[in-house]
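# Overview (structure and organization)
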Amino acid sequence: MCGIVGYVGEKPAAPILIDSLKKLEYRGYDSAGICVLNDSLKTYKTTGKIVDLESILPQGIEGTIGIGHTRWATHGKPNTVNSHPHLSRDIAVVHNGIIENYLELKENLIGDGYIFKSETDTEVIAHLLHSHLYGGSDGQSKKCDLITAVQKTLRMLEGSYAIAVLCGSEPGLMIIARKDSPLVVGIGDGEIFAASDVTSFLQHTRNVVFVDDNEVALIRNGSVEFFDADGNPVTKETTKIEWDIEAAEKAGYEHFMLKEIHEQASSVHDTFAGKISEMEGTVILDELNISDEQIRHMSRIEIIACGTSWNAGLVGKYLFEQLAGIHTDVDTGSEFRYGYPVVCGEVLTIAITQSGETADTLAAVRGARSYGCQAIAITNVVGSTITREIDSVLYTRAGPEIGVAATKSFTTQLITLYMLALKFARIRGKMSAEDSKNLLVALKKIPADIQKILNNKAVIQECARQFADAEDYFFIGRHLNYPIALEGALKLKEISYIHAEGYAAGELKHGPLALLTDKTPVVAIATKGHTYDKMLSNIKEVKARDAIVIAVANKDDTEIEKYVDVVLRIPRTHELLSPILSSVVLQLLAYYTALERGCSIDKPRNLAKSVTVE
Ligand code: M6R
């Protein structure tokens, strides 16, 4: 996840910026840079680690004001040119977030004579600022002050941002602003810090002001003034941070996994931001290198993945078959690579991998490509190995996932699969504009629905506590909820070490029912949809064997509580989308169960985040 930092004070800025960036390293990054203002802007950028950046800095950089950035690539490769700060003549900017309308803005700016050096969305901010400040690409004299230029620029941006801006002709002034991206100001003694999170300056000050959405702040002469979107002054409260550095890295959460579960409300939004039009019922995936003609003639999809990503792939199978009418197979990388697949017709391979580095997935995709299949990757890591070996890449934009248990990477993979299936369905004439509009309208509400589940997590925690001593757990679901049952079981076993099995609910009577006792919790995903009545029958079968049933059900379902022991509620959404919400419930159930059992949640025994060996 990108991180920004800023310093305005009386000490040399460069060492403070470097130190602040080091404190943000835990967020994950692929390149970094700083810009210090003395009599002019001095910018230093590189790929790699902060120590690499440090090693290219000249001795004794003068200037007591500067900005810095750690980049987690979303638009454009992780290289020096794409790393921040981005400049437009005497303007420098660092940015965390996604500018959704950057292509349109870029086109206009190019038309106005601006020359783009990078592939990033951020560079449009630098040129827009310049254009407002100087009246155009060849403007020499100022047409307004810097804050006016910032305000005019922000009004043109769609998407999310936390920015820090310097201007060569405004020595001593830094402007910061935010919308839907974290930004906090640290108040020191005659010095002010700005950053994406407090860890970056906690060694200097514990007095912080949290910047709110649509606010702009002017930092100069050891003080900071805040303004709302209309330019009215805002009085802000200072908070004293009591956390230690380790807690602050987790934003106050006890574990990265819990932090990442909470981030899903914004990460799923980032995944679809700028890619869907619910007004027209369309999905825009410009990065997809497949023609409409190829999509129409596709005879089969072969999904390859491992672990949680494989579970996401199973959801994809239901979606591609139901929405787009394309036969879809889902294989684990480790099986596909040693199999003898029959490849005939136009087969599209989709590799799903959070890290982009899983050895089995990479080997299987290489195999599929050697059979002549076109291949696309759904991944979270820009520049990872898979992105260099594939025809098209769809990034999930979840931000770095540090907990070994996949959470936000799973739900953002699901969002990507929904978008892809819907796009294919529309091109193949299998879905009406009306149906796709309804689905996209519901998709847009998913972040808010996730937030409702998070706000109500105490009920899930209590349920986890009640059954934390269980020796076995079962998870059952039908149709799209079957892979979610598999994922719920995987989450529970990997972090709580409880034996857990996921089953298609209709399969229980073919064997597993023999294992149920009055001590076995069975989590039944029983959300409203075309298999709901069948799920109720399965729940009754389970209850008849005296097992404990925990249902995941819709908020407005008053029937379910008659048949089960505990109900964990999710908001009512489009039937196809409810798996995303159920996943969040099951992640929290696993998390709180592991917490109750005192397990090592972020680093479970025997497991690695990325399995780069066979
Ligand atoms: O990086 P990938 O998505 O390729 O990783 C695949 C699996 O190793 C991964 O999903 C694993 O199953 C998760 N840690 C489970 O939470």
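This is a predicted model, so every value here is computed, not measured.

A word on the domain arrangement of the protein. Taken domain by domain, the protein comprises domain 1 (3-249), domain 2 (253-443) and domain 3 (445-607). Between the C-alpha centres of domain 1 and domain 2 there is a distance of 33 Å. Facing 16 residues of domain 1, the contacting portion of domain 2 comprises 17 residues. In total, domain 1 and domain 2 occlude about 1100 Å² of area from one another, counting both sides; carbon and sulfur atoms represent 63% of this. The largest share of the area that domain 1 buries against domain 2 comes from Trp72, Ile98 and Glu100, three residues that together contribute 43% of it. Taken together, domain 1 and domain 2 are joined by zero salt bridges.

Below, the discussion takes up the state of the cysteines. The tally for this structure, following the rule as stated, stands at zero disulfides. This cysteine, Cys167, is not joined by any disulfide, and Cys144 carries the nearest cysteine sulfur, 10 Å off.

We now examine the packing of helix α7 (residues 256-272) against helix α17 (residues 578-596). The contact between α7 and α17 brings their axes to 11 Å, and the two run at 165°. The angle between α7 and α17 falls in the class roughly antiparallel. When you trace α7 past α17, the crossing you get is left-handed. In contact with Met257, Leu258, Ile261 and Gln264 of α7, α17 contributes Val584, Gln587, Leu588, Tyr591 and Tyr592.

On to the environment of Tyr591, then. In this fold, Tyr591 is placed in helix α17. For Tyr591, a relative accessible area of 0% gives the class buried. It is 9.8 Å that separates the C-alpha atoms of Tyr591 and Asp602, two residues lying eleven residues apart in sequence. Residue contacts for Tyr591: discarding those within four places in its chain leaves Glu254, His255, Met257, Leu258, Ile261, Ile495 and Ile601.

By the definition in use, this model includes six aromatic pairs. Ring geometry for Phe320 against Phe424: centres 5.8 Å apart, planes inclined by 35°, an arrangement best described as tilted. On the criterion of sequence distance, the pair formed by Phe320 in helix α9 (residues 307-324) and Phe424 in helix α12 (residues 408-427) is long-range, its members being 104 residues apart. Taken as a pair, Phe320 and Phe424 share a single burial class, namely buried. Their ring planes at 20° and their centres at 6.2 Å tell us that Phe474 and Tyr503 sit as a pair that is stacked. Of this pair, Phe474 sits in strand β23 (residues 472-477) while Tyr503 sits in strand β24 (residues 499-504); the two residues are 29 residues apart in sequence, bridging distant segments of the chain. Look at Tyr503 and you get partly exposed, because its relative accessible area is 25%. These aromatic residues form a ring-pair network of at least three members: Tyr7, Phe193 and Phe201. The aromatic ring of Phe226 is capped on one face by Lys236, whose charged end is 5.7 Å from the ring centroid.

With antiparallel pairing, the eight strands of this open sheet are ordered in space as β3-β2-β4-β1-β10-β9-β11-β15. Every interior strand has two partners, whereas the edge strands, β3 (41-47) and β15 (239-240), have only one. As defined by bridge partners, strand β9 (residues 184-187) adjoins strand β10 (residues 192-195) across four bridges and the pair is classed as antiparallel. Residue Gly186 lies in a different strand from β10, and its bridge partner there is Phe193. Contacts between helix α1 (residues 13-23) and the sheet are confined to β1 (3-8), β2 (31-37), β4 (65-71) and β10, with β2 contributing the most and set at about 155° to the helix.

Every one of the 13 residues lining the ligand counts as a neighbour, but Ser309, Thr353, Ser355, Thr358 and Glu494 are closest to it. Between the ligand and Thr353, the relevant distance is 2.6 Å, taken from an oxygen atom to a side-chain nitrogen or oxygen of the residue. Within the backbone of Ala406, one N or O atom sits 2.8 Å away from an oxygen atom of the ligand. Relative to its unbound accessible area of 410 Å², the ligand is 91% covered by the protein chains. Listing elements by their share of the shell around the ligand, those giving two or more residues are α9 and α15 (481-496). With three residues, α9 is the single largest residue contributor to the shell around the ligand. Tallied by class, the residues present in the shell around the ligand amount to four nonpolar, seven polar and two charged.

How each quantity is defined
- Residues numbered from 1 in each chain as written.
- Predicted model: local features only at pLDDT ≥ 70, side-chain atom pairs only at ≥ 80, totals over all residues.
- Heavy atoms only, no water.
- Domains from an automatic or database assignment.
- Contact = heavy atoms within 4.5 Å.
- Buried area = accessible area lost by both parts, 1.4 Å probe.
- Salt bridge = Lys/Arg side-chain N within 4 Å of Asp/Glu carboxyl O.
- Disulfide = S-S within 2.5 Å.
- Axes fitted to C-alpha atoms, helices over the stretch in contact; angles between N-to-C directions.
- Helix = DSSP H or I, 4+ residues; strand = E, 2+ residues; numbered from the N terminus.
- Parallel < 35°, antiparallel > 145°, perpendicular 65-115°, else oblique.
- Left-handed = near helix turned anticlockwise from the far one by under 90°.
- Buried < 20%, exposed > 50% of the residue type's maximum accessible area, 1.4 Å probe, protein only.
- Phe/Tyr/Trp six-rings, centres within 6.5 Å; stacked < 30°, edge-to-face > 60°.
- Lys NZ or Arg CZ within 6 Å of the ring centre and 35° of its normal.
- Pairing = 2+ DSSP bridges.
- Near = heavy atom within 4 Å.
- Polar contact = N/O pair within 3.5 Å; in protein donor to acceptor, adjacent residues only side chain to side chain.
- Areas by Shrake-Rupley, 256 points an atom, 1.4 Å probe, with all protein chains shown as cover.
- Nonpolar A, V, L, I, M, F, W, Y, C, P; charged D, E, K, R; others polar.

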